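Secondary and tertiary structure notes
Read off the chains here:
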Amino acid sequence: MTRHEYEMMIGLEVHVELLTRTKMFCRCSTRFGDPPNTNVCPVCLGLPGSLPRPNREAVRLAVRAALALNCQVNLSSRFDRKNYFYPDLPKGYQISQYDEPLATGGYIEIEEPRKRIRIRRLHIEEDAGKSMHAGDDITAASYSLVDFNRSGVPLIEIVSEPDMRSPEEARQYLEKLQRILQFARVSDVKMEEGSMRVDCNVSVRPKGSDVPGVPCELKNLSSFRAVVKALSYEFERQVGLLEKGEKVVRETRHWDESKEVTAVLRAKETSEDYRYFPDPDLPRLELSPEFVDEVRNSMPELPDQIVSRYVENMGLPRYDANVLTSSPALAEFFDKCVELGAEPKTASNWIMGDLLGYMKAKGIPYEKIPLEPRSLVEMLVLIKDGVISGKIAKDILVKMIETGKDPRTIVKEEGLEQISDEESLARVVEQVIANNPSVVEEIKAGKEKAIAFLVGQVMKMTKGKANPAKVNIILKDKLTS
Ligand SMILES: [Zn+2]
């Protein structure tokens with residue numbers, strides 16, 4: 001059997017921190033980056049005698065995430081204890097949901113190829129604390145430090161079916177999931193801050209087989225790029241084993257970012273290892289249909305809906321619509337521009353081209369657009385009214401960002417008004433004609449394309465301020481008379 005006769009099955013488990021101000025079962029702050037062990041109390045430190053109380057806002061956000069991912073919300077679900085020992089888990093168990101999760105049976109649609117990735121379940125759990133090991137090598141650390149600020153932060157875990165067939169499909173699924181949760185205002189889903197964490201289950205099997213292969217779990221994936229690389233590596237590794245007639249062992253593997261290999265971390269736990277049982281400290285989680293309806297009715301507009309609004313109502317190309325919905329801030333910025341009177345495609349061109357180009361070059365994230373929609377719209381009006389040329393506008397855009405001034409002020413201060421009055425333009429045109437007798441001869445001999453050269457000369461002499469359309473008319477007029 002050769003390599004192309006194998007296929008991959010990828011299922012993803014994604015943990016996402018919810019955007020609540022306080023923790024899942026106590027009222028400690030969830031703020032990121034505070035000094036270690038300052039946001040703690042008896043509940044999240046697991047001290048004897050303390051009792052958990054669910055955070056209503058966390059439940060609301062989890063339900064919203066479930067609805068945004070097309071899941072069925074179960075009105076009755078249960079909290080269970082997942083038992084394992086680790087220094088950052090003070091109770092010796094994590095409160096999670098096992099066989100009766102909050103939501104089941106959802107899906108996400110990806111574009112290439114267009115297909116649905118099914119979501120098996122979505123459940124609520126609490127985060128563990130964070131261990132820091134002295135030195136770089138875990139096995140050689142002489143001591144470890146534990147920060148419990150993260151202990152008890154509300155999480156949802158979203159488990160997909162093994163429906164993805166390539167690392168690229170997994171990347172699309174993750175990007176779409178991230179986008180949906182961002183627009184639903186459920187989480188800030190930052191991989192680099194750990195508010196979104198991804199584990200992959202990956203197996204290979206001969207193409208056409210309906211027996212799943214033995215899966216391995218991949219951990220420590222800190223970016224989408226790492227996910228793609230680790231999955232590609234793992235495909236080669238598992239196919240290599242099968243080719244040699246060996247077996248894939250069910251295990252948890254760690255992605256080593258610097259060596260770009262996966263290495264075995266431990267044998268894969270099974271659910272029996274965790275000895276799940278219902279948490280006796282917590283009643284069942286019962287939701288009323290009215291509560292779920294209220295969450296559904298207050299759902300923010302989601303990316304797919306916005307894309308179709310842009311394409312169908314505003315006539316934007318699908319490509320533009322996808323770029324403009326890469327972040328809620330960007331979509332809001334664009335919507336505001338249109339609301340203030342900008343023509344949608346013109347606004348989209350300026351945002352996708354010059355504005356995003358500037359932001360990318362300076363490393364400015366999408367959430368921090370350095371410009372007011374009003375300024376961009378005023379600039380578009382100046383172009384439309386012929387006050388400035390499109391070329392000069394590119395410089396004005398950068399000046400607006402860097403000085404915070406509005407476009408009219410910049411135009412006035414720097415004398416950037418477009419020259420449209422025919423008398424002044426005619427004078428420049430005459431000079432250009434006089435300076436370029438050979439080009440004029442060529443044009444008169446029928447080489448019409450050379451006119452563009454003369455227009456360019458006029459623009460140069462006016463430092464880009466001449467109105468090119470008018471220059472064209474005056475030039476043709478002078479050359480034929
Ligand atoms: Zn606490």
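Because the structure is a prediction, the values reported are computed rather than measured. (Residues numbered from 1 in each chain as written. Predicted model: local features only at pLDDT ≥ 70, side-chain atom pairs only at ≥ 80, totals over all residues.)

Quick look at the overall build of the protein chain
- A tally of regular secondary structure across the protein chain gives 15 helices and 16 strands.
- Here the protein chain has a C-alpha radius of gyration of 30 Å; the compact-globule value for 481 residues is 23 Å, and the former is much larger.
- The dimensions of the protein chain, computed from C-alpha atoms along their principal axes, are 95 × 55 × 50 Å.
- Here the protein chain holds 481 residues, and the buried ones make up 33% of them.
- Across the protein chain, every contact between residues at least 6 apart in sequence was considered, and the portion connecting residues at least 24 apart equals 69%. (Helix = DSSP H or I, 4+ residues; strand = E, 2+ residues; numbered from the N terminus. Rg over C-alpha atoms; globule rule 2.2 N^0.38 Å. Buried ≥ 20, exposed ≤ 12 C-beta atoms within 10 Å, placed from the backbone. Contact = placed C-beta atoms within 7 Å.)

Remarks on the sheet that holds strand β10 (residues 154–160)
- Strands sit in the order β2-β6-β7-β10-β1-β11-β12-β13-β14 across an open sheet of 9 strands; the sheet is mixed. Single-partner strands in this sheet number two, and they are β2 (72–73) and β14 (261–267).
- Pairing analysis gives 7 bridges linking strand β6 (residues 103–110) to strand β7 (residues 115–126), with the strands arranged antiparallel. Following the sheet pairing, Gly 106 is matched in β7 by Ile 119.
- Relative to the sheet, helix α3 (residues 224–243) contacts β1 (6–17), β11 (196–206), β12 (216–221), β13 (251–256) and β14, its axis offset from that of β11 by approximately 25 degrees. (Pairing = 2+ DSSP bridges. Axes fitted to C-alpha atoms, helices over the stretch in contact; angles between N-to-C directions.)

Thoughts on unusual backbone geometry
- The residue after Glu 112, namely Pro 113, is reached through a cis peptide bond having omega -5 degrees.
- Tracing the backbone through its elements, the reader meets Pro 113 in the loop between β6 and β7.
- Phi angles above zero are rare outside glycine, and Asn 70 is one such case at about 60 degrees.
- One can find Asn 70 in the loop between α1 (56–68) and β2.
- With phi around 65 degrees, Asn 220 is a residue other than glycine that occupies positive phi space.
- Mapping Asn 220 onto the fold places it in strand β12.

What about the domain arrangement of the protein chain?
- Along its sequence, the protein chain is carved into domain 1 (3–291), domain 2 (301–414) and domain 3 (422–480).
- In this structure, domain 1 and domain 3 have C-alpha centres spaced 66 Å apart. (Domains from an automatic or database assignment.)

Some remarks on the sheet that holds strand β5 (residues 93–96)
- Taken in spatial order, the 3 strands line up as β5-β4-β15 in an open sheet, and their pairing is antiparallel. Looking at which strands have only one partner, the edges of the open sheet turn out to be β5 and β15 (277–278).
- Judged from the 2 bridges that link them, strand β4 (residues 80–83) and β15 form a sheet pairing that is antiparallel. Looking across to β15, one finds that Arg 81 is bridged to Phe 277.

Looking at the nonpolar core
- Formed by 64 residues in total, the largest nonpolar core has its most connected members in Ala 62, Ala 65, Ala 66, Leu 122 and Cys 200.
- Among the elements that line this core, the one with the most residues is α1, at 9 residues.
- Grouped together as the second largest cluster of nonpolar side chains are 30 residues, Leu 330, Trp 350, Ile 351 and Val 377 included. (Core = buried A, V, L, I, M, F, W, Y, C linked by C-beta atoms within 7 Å.)

Section: the pairing of β10
- Of all 7 residues in β10, 5 are buried; the element is thus mostly enclosed.
- Of the strand pairs in this sheet, β1 and β10 are connected by 5 bridges, and their pairing is antiparallel. Along β10, the bridge assignment pairs Val 16 with Ile 156.
- Examined bridge by bridge, β7 and β10 share 7 bridges and lie antiparallel to one another. By the bridge assignment, Ile 119 is partnered in β10 with Ser 160.

A few points about the packing of helix α7 (residues 328–339) against helix α8 (residues 344–362)
- Two elements in contact, α7 and α8, have axes separated by 10 Å at closest approach and are oriented at 140 degrees. As the angle between them shows, α7 and α8 are arranged oblique. Both α7 and α8 take part in a crossing whose hand is right-handed. For the pair formed by α7 and α8, the contact residues are Phe 333, Phe 334, Cys 337 and Val 338 on the first element and Pro 344, Ala 347, Ser 348 and Ile 351 on the second.
- Considering only residue class, the contact of α7 with α8 consists of 7 nonpolar, 1 polar and no charged. (Parallel < 35°, antiparallel > 145°, perpendicular 65-115°, else oblique. Left-handed = near helix turned anticlockwise from the far one by under 90°. Nonpolar A, V, L, I, M, F, W, Y, C, P; charged D, E, K, R; others polar.)

A few points about the environment of Ser 77
- Inspection of the secondary structure puts Ser 77 in strand β3 (residues 76–77).
- In this structure the C-alpha to C-alpha distance between Ser 77 and Gln 97, which are 20 residues apart in sequence, comes to 7.9 Å.
- Once residues lying within four places of it in the same chain are set aside, the contact partners of Ser 77 are Gln 97, Glu 100, Pro 101, Leu 102 and Leu 285.

Focus: α8
- Along its 19 residues, α8 runs 26 Å from first to last C-alpha, staying within 8% of the 27 Å computed at 1.5 Å per residue.
- At Leu 356, α8 shows its largest kink, close to 35 degrees.
- If you check which residues of α8 are buried, you get Ala 347, Ser 348, Trp 350, Ile 351 and Leu 355.
- Of the surrounding secondary structure, the elements contacted by the buried residues of α8 are α6 (318–324), α7, α9 (373–384) and α10 (390–403).
- At the C-terminal side of α8, Gly 363 shows a positive phi close to 70 degrees. (Expected span 1.5 Å × (residues − 1). Bend = angle between axes of the 7 residues up to and from the residue.)

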